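# Working through the structure, step by step
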Amino acid sequence: MLLAALAATVACQSAQKRTFLPPQQAQAPAVQPASKAPDPPQTKAAAPVPEPPKAATPDAAAADPVAQLIVRVEKEYQLGQDAYKAGNLDTAKKDFDTAVNLLLNADAALRADERMDRELDRVMEGINGLDKLVAQEDAGPQQKQEPAPIDEANDVTPAVDASVKAKAEAEIKSTRSDLPLMMTDQVAGFINFYSNRGRGVLERALARSGRYDEMIRRVLKQEGVPQDLIYLAQAESGFHPLAVSRVGARGMWQFMGSRAKGYGLQRNFWVDERQDPEKATRAAARHLKDLYTQFGDWYLAMAAYNSGPGRVQSAVKRTGYADFWELYRRNVLPKETRNYVPIILAVTIMAKNPEQYGLDDVNRDQPIPYDTVKIDYPIDLRLVAQCVNASPADLQELNPSLLRLSTPKDGVFELHVPAGTKKNFETAVAAIPVDKRLWWRYHDVKAGETLASLARTYHTTAKAIAETNKLGDDSPEAETRLVIPIAAGKFSDIGTYARRMTRYRVRKGDTVETVAENFAVPAKMVRSWNRLKGNSLAGRKVLYVHLPVTPETSGTQVASRTSKKSPKRAPRSSPRSRASALRKQRPS
């Protein structure tokens, strides 16, 4: 059923309930606000939930077949909602299936009405927000998003422990930092939080920091900003490239979409460079440098990083004070921004004094070395994995900016492969025609396999396999690596698809086959999901597609690999034939 792939995560929440007593500080001298024109504030608010359509009168519905169909859809959708609330998940899925299928199976004349698209979007969004259905579905593991740790810290009202504050005040006097460190009740409260309830969050971030510490400090130094800004990323994302906040900020440095674009981070159908650790670090360093130039104060720069420079500039202008703590005391900043600077200071103080906080025994991850291959063609990561004897999950871990299981169709992409495998990749991929690298695969022959059995498995022909590999009529030898020529859309080794549907607006010249190729999914699945026949998309304005996800492998993941073992080698070449040239070599 269609619902087996529909459910997704709960919609984001925009407000946190917390209050703090403002710090009592001497009033800072009034200053003129920075002269740089403020950017529009970047609010981090959740998108509004679509409203249901207004019910049509019986007479209107009878005269309007689209309205009549939408009434039926709403009835089934509401039955599903009622069943879901009552805990009858199987019944809810059946009702939701019926609602969706009524829309997808409608006549072409009805589907051309824009109200149908709006209703399908509304129903799909409602279904995608039902977390219990997500928990019940088994669509296979995927490259999961990680909740941004800053959201958890913002949910608490940390208690101030006098002894914790006194200890921290003594420690910061001897703590070296290229950022100003200050102790307030708010900072002490978050130190108390990370020492207790939030300790696991802090420890996991410190462990992951080892993977990126050298790179981040190198980039921050190159961009001429304080090294200790690294702790901003620790507080924001816990150094997780796939961290996503409730309001859609993404990546290690939690960029919102518009700000990312302003600092050169690409976001398109194929990639989201907010998830590229090094590119996002450089963009964040430049953004913070610009903010410091604008405000002349690192606390205000951090606050502006969180809520947008326009909002902080407005607060400075209204009060006449370019001082974070004064703006805090006057309550002219959003609550999450008022928390933001104390959270970063608390994390900085604790991370720079690990022995005092019992963090000196946290094992830091090791950096994961990789080779970089610049490619200007699309290639499926599963084929890349076969070329370097890794898993697709390994490749996703090394290339977190990729949103698909394939590289972009246009432009140059810097593909990361396990260290020491660049030449293996280049040699192995050379045997695959450039325009076939989304679909063709390698196969390591097992005992008893024949050309006929391989042809059945991959939905191709024995003749095509033999011709591609320059084989005779004999069965291939075991442990021979063959190139398997597969026509686009004829076979999929994906296995699982994302639960959430992706909405694709049909463009002039699109066909089922071209859309399937773009999404790296079989054409027959596109037809099935959209109740289509043939290859034409005439009359269709929108398609819905489940994106492929990578099944987990039983092998060690690149992200957690700490050993120094050499990677497996790709097969060596021999001159006899392409088949023998691709004969698999056992690693030594």
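Computed from a predicted structure; not experimentally measured.

## As for the overall build of the protein
Within the protein, the regular secondary structure consists of 25 helices and 8 strands. Counting all 588 residues of the protein, 53% fall into the buried class. Element-wise, carbon and sulfur atoms account for 50% of the exposed surface of the protein, whose accessible area totals about 27,700 Å².

## Overview of empty space enclosed by the protein
A full pass over the atoms with the stated rule returns 5 cavities of 30 Å³ or more. Quantified by volume, the second largest cavity comes out at close to 130 Å³. Mapped onto the lining of the second largest cavity, the elements with two or more residues apiece are helix 3 (89-104), helix 5 (114-128) and strand 8 (542-549). Tallied by class, the residues present in the lining of the second largest cavity amount to 6 nonpolar, 1 polar and 4 charged.

## What about the pairing of strand 3 (residues 370-375)?
Along a regular strand, successive side chains alternate from one face of the sheet to the other. Residues Asp371, Val373 and Ile375 of strand 3 are buried on one face, while the alternating residues Tyr370, Thr372 and Lys374, pointing to the opposite face, are not. Bridge analysis of strand 3 against strand 4 (residues 413-418) gives 6 bridges, and the strand direction is antiparallel. Considered in strand 4, the bridge of Thr372 is made with His416.

## Structural notes on the packing of aromatic side chains
Aromatic rings considered in pairs are described by the distance between their centres and by the relative angle of their planes. Under the definition given, this model contains 8 aromatic pairs. Plain terms: the ring middles of Tyr77 and Phe96 are 5.6 Å apart, the flat faces sit at 45° to each other, and that makes the pair tilted. Residue Tyr77 is found in helix 2 (residues 65-85), and its partner Phe96 is found in helix 3; the two are separated by 19 residues along the sequence. Phe96 matches Tyr77 in its accessibility class, with the two residues each being buried. Members of the aromatic cluster, each reached through a chain of ring pairs, are Tyr299, Phe324, Trp325 and Tyr328. A cation sits over an aromatic face here: Arg338 above Tyr328, 4.2 Å from the ring centre.

## Concerning helix 14 (residues 298-307)
Residues separated by three or four positions in an α-helix point in the same direction, a consequence of the helix having 3.6 residues per turn. The buried count for helix 14 comes to 10 of 10 residues, which makes it a mostly enclosed element. Within helix 14, the full set of buried residues consists of Trp298, Tyr299, Leu300, Ala301, Met302, Ala303, Ala304, Tyr305, Asn306 and Ser307. Tucked into the core, helix 14 has its buried residues touching helix 11 (230-237), helix 13 (277-295), helix 15 (309-319), helix 16 (324-329) and helix 17 (335-351). The opening residue of helix 14, the one whose side-chain oxygen lies 2.9 Å from the backbone nitrogen of Tyr299, is Asp297. Remark: Gly308 follows helix 14 within two positions and exhibits a positive phi of approximately 100°.

## Notes on the pattern of salt bridges
Side-chain pairing between opposite charges can occur once the charged atoms of the two side chains come close. Considering all chains together, one arrives at 28 salt bridges under this definition. The salt bridge involving Arg199 is made with Glu203; its shortest N-O contact spans 3.0 Å. Here the residue Arg199 and the residue Glu203 both occupy positions in helix 10 (residues 199-222), the gap between them amounting to 4 residues, near one helical turn. Accessibility expressed as a relative area gives 21% for Arg199, which makes it partly exposed. With a closest N to O distance of 3.9 Å, Asp272 and Arg267 form a salt bridge. Each of Glu214, Arg218, Glu223, Glu278, Arg282 and Arg286 takes part in a single network of salt bridges with overlapping partners.

## Let's talk about the nonpolar core
Ranked by internal contacts, the top residues of the largest apolar core, which has 73 residues, are Ile191, Ile216, Trp253, Tyr305 and Phe324. It is helix 17 that provides the largest number of residues to this core, a total of 10 residues. Sequence-distant contacts of Tyr305, that is, excluding residues within four places in its chain, are made with Leu232, Glu236, Trp253, Phe255, Ala284, His287, Leu288, Leu291 and Tyr340. Within the second largest apolar cluster, 40 residues are counted, among which are Phe96, Val100, Leu104 and Met501.

Scoring rules and cut-offs
Residues numbered from 1 in each chain as written. Predicted model: local features only at pLDDT ≥ 70, side-chain atom pairs only at ≥ 80, totals over all residues. Heavy atoms only, no water. Helix = DSSP H or I, 4+ residues; strand = E, 2+ residues; numbered from the N terminus. Buried < 20%, exposed > 50% of the residue type's maximum accessible area, 1.4 Å probe, protein only. Areas by Shrake-Rupley, 256 points an atom, 1.4 Å probe, with all protein chains shown as cover. 1 Å grid on protein atoms, 1.4 Å probe; cavity = no way out; pocket = protein on both sides within 12 Å on 5 of 7 lines; lining within 4 Å. Points joined across faces, edges and corners; volume = space filled by probe spheres on them. Nonpolar A, V, L, I, M, F, W, Y, C, P; charged D, E, K, R; others polar. Pairing = 2+ DSSP bridges. Phe/Tyr/Trp six-rings, centres within 6.5 Å; stacked < 30°, edge-to-face > 60°. Lys NZ or Arg CZ within 6 Å of the ring centre and 35° of its normal. Contact = heavy atoms within 4.5 Å. Polar contact = N/O pair within 3.5 Å; in protein donor to acceptor, adjacent residues only side chain to side chain. Salt bridge = Lys/Arg side-chain N within 4 Å of Asp/Glu carboxyl O. Core = buried A, V, L, I, M, F, W, Y, C linked by side-chain atoms within 4.5 Å.

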